[in-house]
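Coordinates in review
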Amino acid sequence: MVISMPPMAVEFEGIHKIYPDGNIALRGASFSIEVGEIYGILGENGAGKTTLMRILYGEIKPTSGTIKIFDHVAKFSGPWDAIKTGIGMVYQHFSLIGGFTVAENLILSALPLGISAQNVLERAKESMEETGLKVPLEERINSLPVGVRQRVEIVKALVRNAKILILDEPTSVLTPIEVEDLFEVLKKLRESGLTILFITHKLKEVKAITDKVTVLRKGQVMGTRRTKEVSELELARMMVEREVLFSLERSPTRPGNPLLEVKDLWVRSDSGLPAVKGVNLSIRAGEILGIAGVQGNGQKEFVEAISGIRKPEKGTIKLKGEDITDLDNSKVYRRGLAYIPDMRSMGLVMDIDLVSNLLLTRLEEFSPDGVIRWRKAVEETKSVMKLFNVVAESVRTQVRRLSGGNQQKFMLGREIARKPDVIIASEPTHGLDVGATEYVRNKLVELRDSGKAVLLISTDLDEIMQLSDRIAVMYEGELIAQGPTREFNLEKIGLLMGGVKVEP
Amino acid sequence: MNLEDYAQVSLEITGSILAGLLVAAIILIATGYNPWKGLYIMLTGGLGDLDYLLSRASFVLLTGLAFALPMLASAFNIGGEGQMYVGGIVALIASLITKNPWIAITAGAIAGAALGFITGALRAYREVNEVITAIMLNWIFYYISIFFITSYLYNPQAPYRSVSVPKGAQLGFIEIAGIKMHLIFPLALLTSFITYFLIFHTRIGYRIRVAGLSPDSARYSGINAKMTFTNSMTLGGLFGGLSGALNVIAFTYYMDQLLTSMVGMGFDGIGVALMGRDHPIGIIFSAIFFSMLLLGGQKMQIAMNVPKELTDALSGVIIISLAMPYAYKMLMSYLKIRRMMKVAGRSS
C-alpha cells in the first residue's frame, strides 16, 4: 500500500544550540515544512527563531540534531553550501552594495556559483516574468526604496535557483503598502512551487499570509498549527505563557503630579522611517509605567527622543511642566531626567575606569570651571559603589573588567545618585543573573516609593507585570493599549505585542 | 592604568626593542658590516651634542603631539607637515613685522591651528575625509611657502633662502648647569605637560577621549561629536604650527627654498606618536629616542662609510618594531569606530 505523503522541504530533528558563552538558544526543536508552503515561525525576542534560521542557512552549526532538505541530510560548512542546496535568505538588513546597480548586485551574488553575467540577467528577467516581481535592473541600489531593495534580495535568491526562501522579519522595514505588495509577491512565489519560511513576531501577519505556523518559546517548539484552524489568542498564549519566577513586595501606589508628559510624539528611525507615530503618555510621581513590546517597535527611538538624544519630528515633551522637546540631552539630564540605556556599552565607556565613567553624565558637576576635580569624583564613585553594592577592585578598575551585573548596578547608581525625578530604564535587567535582577528591580520599586516617576521599557513580560503600576504596549511605533496593570494579563499583552488590538 | 598594564607595556617595549635590534643586526651582517660596532654607534652617536639632540627631538615631539591628540578622538591628522610649513612661514612674517619672538611663535601656532580646524571641520560637517584634505593641504602649503620665500622673502645675499628672523625676534638660549641650550626643548616639554593636563584633567580632554573610545557613549552623554572632532584637529594643528614656528624663530632663524629643515618632520611625528603610545609623556621619550637613532645613523654613515639608505632602513626597522604593537591596536579600534560612526551617521 502506498500512502501518499506530501514531500518535505525541510525537516528539523532535535536541533539544540548552546552558544560558547553557555547561552542556550535552542532546546531540541523538531518540525517539518512541506514543499510549497508559506510557513510561519512565530516567537518573542530570544525565542530562537533567528538562531534556527541561521543554522538552516549554514551560518552556524547546531550543537546537536539533524536537518533534512528534500529528504537528504544536510551538512553545511557555510552559507555557500546552503545556497547550492537551494536555500535563499533575505535578512532584515539587506546585503546589497549601495553604489552598484541591481544588475551588478545580481551578477556579483551569482559569481561564486559560476553563472555567467549574461545568464544571470536572463534568469533574472525570466523569474521576474514568472512571478511578476519587478525590479529595475539598471538602477543603483542607493536610489531605490526599501521595499524594492527587498525584492532585489528575493530576485537574487531566485537567480541562485533557491527552492526554499527564508525571510527574517521581512516586514519590519516596510511601509504598510509595501507589506501588502510583499504578500502578493509571496503568494505568487508559492504558486510557482517555492517553499517560504516567514519569521515574525506579528500575529496578524501570520494569519494573513502563512499556511502553517510553528511557535517557538525559549528555544522550544510550543506547537505547530494550521493557520486557518488557530486563533490569534491561542497563538499569543503559546508565545508568552510561562511561570513567574519570583515576586516583589509592592505597596499600593499613591501617584502624585504628572512629571513626564508626552503629547503626539513622532520620531524617525536611523533609516529615516517613522518609528514612533503619535505617542501620548503621562507618568506621575510615585508611579512605574511599563512599556511592553517586541524589540524594534520604536521603543529605542521613543526613549531617545524623550532624553534628548534624538530629535523628534513633532510633538511635545514636558518634564515637570517645562517643555524640553528641543533641549539637548545634557540639558535634559540636568533638569532631572535620567536615562539608563539598554546597551551597557552606551551608558558606560568600557575602556576607562569607574571614576571616569561617573563623569559621563555628570561632567559639569565635577568640572565647574572646565578642570576636572578628580578627588571629588573619586569620593562620589566610592559612595555610589558602596550604596549600590558594586564589586570592583578599586575605583580605577576598567569597567570592562566588571561583571555585567556590577556594570549595571554602577550605571544605575550613577544615575540615581544625581537625584533625578524621572528615570527611564530600558531593559534594566537584560543579561543579568537572578540576584542582580532582583536587586535592580527592587531599586526601581524603591524609586517609585520615594515619589519618582519611572518609565520602564522591557521585552520581558514578567518584569513588566511585576513592576508596573500601569502598562502600555508599543507596536509599530504606537501605544496600542494603556491602562492599570490589573487590566492586563500575559495573554492580552501577548496579543497586543503581536499587533492584535483587544478591548479591555 | 594599573600595575599590570605598566608591566605589560614595559614587556612589550623591551621585546620590541630587542626584536628591532636583532633584525637590524641581521641586516648589518648581511650587508657586510660589523653589527656590534654599527649598532653601538647608532645608539650612542647622537649623544655627543645634547643640545642639538634635544632640539631636533622637540620638533618631532610637537608633530608627534599633533598626531597623537586627534588620534584620541579617532581623527587622523596626517597634516603635520603642512601645519609645520604654515607655522614656520607665518612666524617668519610675524617676526619681521613685530620683531617679537613670542608674538611670532604664537602667530605660527595659530596658523597651524587654523589649518587643523579646516581639515577637521571639513570632515565633521561636510564628510570630506580628513586624510585626503590633509595630504592636499600639505602640498598646497609646501608650494605656497616656497612661493613666499622665493618671491617676497628671499635674501638678496643668499637667494636660496629667506631673509633672517630679526635679531630681536630670535628666541635665545638658556644655561643649565653650564651648558648653553636652545629654549626649544624646555618649551616642547612644557607643551607636553600642558597637553597631558588637557587630556586627563579637563572637560575638553575628557570629551575627546570619550568620543574616541565610544561614539555611542558620547552620544548618550551629550557630547557634540562633530565639535569634539574639530576641536581635536584644531589642537593637533596648533602643535604642528608651533613646531614649525619654533624651527624658524628659535633654531634655523630662516627658511630655505626647499624647506629642508622641516620636510619629513610632520610625518616623523606619526611614528613618534605611535612609538610613544599616543600618550603625551610617552611621546617625550619616543621623540628623543627617534632623534637619537637619526643622529646616530648620520654618525654611522661617516664613521663606517655606510650609505644613508642603510642607516635609514635600520632606524626604520627599530621604529616600526616599537610602533607596531600599538599601531595595530589603534588601527583596529579606529576601523571599528569608523564603522560605528558610519552607522550612526545615517541617522543625521
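It should be emphasised that the depicted structure is a prediction, and the values quoted were computed from it without experimental measurement.

**Some remarks on the sheet that holds strand β2 (residues 24-34) of chain A**
All names here are of chain A. On the basis of which strands lie adjacent, the open sheet formed by four strands has the order β2-β1-β4-β5 and antiparallel pairing. Each edge of the open sheet carries a strand with a single partner, namely β2 and β5 (72-73). Pairing geometry for strand β4 (residues 64-69) and β5, over two bridges, is antiparallel. Each bridged residue has a counterpart across the sheet, and for Ile-69 the counterpart in β5 is His-72. Here helix α1 (residues 49-56) sits on the sheet in contact with β1 (8-18), β2 and β4, set at roughly 115° to β1.

**Thoughts on helix α3 (residues 50-72) of chain B**
Over its 23 residues, α3(B) extends 31 Å from the first C-alpha to the last, a length consistent with the 33 Å expected when each residue adds 1.5 Å. For α3(B), a buried count of 21 out of 23 residues is recorded, marking the element as mostly surrounded by other parts of the structure.

**Here we look at helix α14 (residues 374-387) of chain A**
The α-helix winds at 3.6 residues per turn, so residues separated by three or four positions along the chain end up facing the same way. Residues and elements named next belong to chain A. With 14 residues, α14 should cover 20 Å at 1.5 Å per step; its first-to-last C-alpha distance of 20 Å lies within 8% of that length. Along α14, the residues that are buried comprise Trp-374, Ala-377, Val-378, Glu-380, Thr-381, Val-384 and Met-385. For α14, the buried positions fall inside an angular range of 165° around the axis, keeping them on one side. Every exposed residue of α14 that faces more than 90 degrees away from the buried side is listed here: Arg-375, Glu-379, Lys-386 and Leu-387. With its phi angle positive at about 55°, Asn-389 sits one or two positions after the end of α14.

**Re the sheet that holds strand β12 (residues 274-284) of chain A**
All names here are of chain A. Strand order in the open sheet formed by four strands is β12-β11-β14-β15, with antiparallel pairing between adjacent strands. Both edges of this open sheet fall to β12 and β15 (322-323), since each of them pairs with a single strand only. In this sheet, β15 lies alongside strand β14 (residues 314-319) in antiparallel orientation, the contact comprising two bridges. If you follow Lys-318 over to β15, its bridge partner there is Asp-323.

**Section: the packing of aromatic side chains**
With the rule as written, the count across this model stands at 17 aromatic pairs over all chains. Plain terms: the ring middles of Trp139(B) and Tyr143(B) are 6.2 Å apart, the flat faces sit at 25° to each other, and that makes the pair stacked. With a gap of four residues between them, Trp139(B) and Tyr143(B) both fall in helix α6 (residues 130-151), about one helical turn apart. Taken together, the ring pairs connect Tyr85(B), Trp139(B), Tyr142(B) and Tyr143(B) into an aromatic cluster. Note that Lys443(A) overlies the ring of Phe388(A), its terminal NZ or CZ placed 4.8 Å from the centroid.

**What about the environment of Glu37(A)?**
Residue and element names in this part refer to chain A. Relative to the helices and strands, Glu-37 is located in the loop between β2 and β3 (38-42). The class of Glu-37 is buried, set by a relative accessible area of 6%. As a C-alpha pair, Glu-37 and Leu-189 span 152 residues in sequence and 9.9 Å in three-dimensional space. Not counting residues up to four positions away in its chain, the partners in contact with Glu-37 are Leu-194, Thr-195, Ile-196, Asp-211 and Lys-212. Within polar-contact distance, the side chain of Glu-37 engages the backbone nitrogen of Glu-34 at 2.8 Å.

**Observations concerning the domain arrangement of chain A**
Frequently, the measure chosen for interface size is the accessible area that the parts lose on association. Residues and elements named next belong to chain A. In terms of domain boundaries, chain A breaks down into domain 1 (8-240), domain 2 (249-336 + 420-504) and domain 3 (345-419). Tallying the contact residues gives twelve residues for domain 1 and 16 residues for domain 2. Between domain 1 and domain 2, roughly 1,400 Å² of surface is buried when both sides are summed, and carbon and sulfur atoms account for 63% of that area. Joining domain 1 to domain 2, the criterion identifies two salt bridges. Arg-237 is paired through a salt bridge with Glu-491; the nearest N and O atoms lie 2.5 Å apart. At the surface where domain 1 touches domain 2, the tally comes to four residue pairs in polar contact (both at pLDDT 80 or more). Those elements that provide at least two residues to the side of domain 1 that touches domain 2 are α7 (203-209) and α8 (232-240). When residues of the side of domain 1 that touches domain 2 are assigned to their parent elements, the largest contribution, five residues, is made by α8. A class-by-class count of the residues in the side of domain 1 that touches domain 2 yields five nonpolar, two polar and five charged.

**A short note on empty space enclosed by the protein**
Residue and element names in this part refer to chain B. A complete count under the given rule lists one cavity of 30 Å³ or more for this structure. The computed volume of the largest cavity comes to approximately 30 Å³. Forming the walls of the largest cavity are Leu-65, Ala-68, Leu-69, Leu-72, Thr-195, Ile-199, Asp-278, His-279, Pro-280 and Ile-283. Contributing elements (two or more residues each) for the lining of the largest cavity: α3, α7 (184-201) and α12 (280-304). Looking at the lining of the largest cavity, its residues break down into seven nonpolar, two polar and one charged.

**What about unusual backbone geometry?**
Residue and element names in this part refer to chain B. Unlike most non-glycine residues, Ser-74 shows phi in positive territory, near 60°. You can see Ser-74 is positioned in the loop between α3 and α4 (80-98). Taking the relative accessible area as the measure of exposure, Ser-74 reaches 5% and is therefore buried. You will see that Asn-305, though not glycine, has its phi angle at about 60°, which is positive.

**Looking at the nonpolar core**
Counting 108 residues, the largest nonpolar core has Leu260(A), Phe302(A), Ile306(A), Leu337(A), Leu455(A) and Val473(A) as its most contacted members. If sequence neighbours within four positions are ignored, Leu260(A) has contacts with Leu281(A), Ser282(A), Ile283(A), Ile306(A), Ile317(A), Lys318(A), Leu319(A), Leu337(A) and Val422(A). Core analysis: the second largest hydrophobic core is formed by 88 residues, Leu21(B), Met181(B), Phe239(B) and Leu310(B) among them.

**Re a nonpolar patch on the surface**
On the surface, a nonpolar cluster with roughly 330 Å² of combined accessible area is contributed by Ile97(A), Phe100(A), Leu108(A) and Leu111(A). By secondary structure assignment, the location of Leu108(A) is in helix α3 (residues 102-110).

**Examining the pairing of strand β6 (residues 87-90) of chain A**
Residues and elements named next belong to chain A. A two-sided burial pattern is seen for β6, the buried positions comprising Ile-87 and Met-89 on one face and Gly-88 and Val-90 on the other. As judged from the four bridges shared by β6 and strand β7 (residues 164-168), these two strands associate in the parallel manner. Residue pairing in the sheet places Val-90 in a bridge with Leu-167 of β7.

What counts and what doesn't
Residues numbered from 1 in each chain as written. Chains lettered and ligands numbered in written order. Predicted model: local features only at pLDDT ≥ 70, side-chain atom pairs only at ≥ 80, totals over all residues. Heavy atoms only, no water. Pairing = 2+ DSSP bridges. Helix = DSSP H or I, 4+ residues; strand = E, 2+ residues; numbered from the N terminus. Contact = heavy atoms within 4.5 Å. Axes fitted to C-alpha atoms, helices over the stretch in contact; angles between N-to-C directions. Expected span 1.5 Å × (residues − 1). Buried < 20%, exposed > 50% of the residue type's maximum accessible area, 1.4 Å probe, protein only. Arc of directions from axis to C-beta. Phe/Tyr/Trp six-rings, centres within 6.5 Å; stacked < 30°, edge-to-face > 60°. Lys NZ or Arg CZ within 6 Å of the ring centre and 35° of its normal. Polar contact = N/O pair within 3.5 Å; in protein donor to acceptor, adjacent residues only side chain to side chain. Domains from an automatic or database assignment. Buried area = accessible area lost by both parts, 1.4 Å probe. Salt bridge = Lys/Arg side-chain N within 4 Å of Asp/Glu carboxyl O. Nonpolar A, V, L, I, M, F, W, Y, C, P; charged D, E, K, R; others polar. 1 Å grid on protein atoms, 1.4 Å probe; cavity = no way out; pocket = protein on both sides within 12 Å on 5 of 7 lines; lining within 4 Å. Points joined across faces, edges and corners; volume = space filled by probe spheres on them. Core = buried A, V, L, I, M, F, W, Y, C linked by side-chain atoms within 4.5 Å. Patch = residues over 30% accessible without salt bridge, like charges linked within 9 Å, V, L, I, M, F, W, Y side chains within 5 Å. Areas by Shrake-Rupley, 256 points an atom, 1.4 Å probe, with all protein chains shown as cover.

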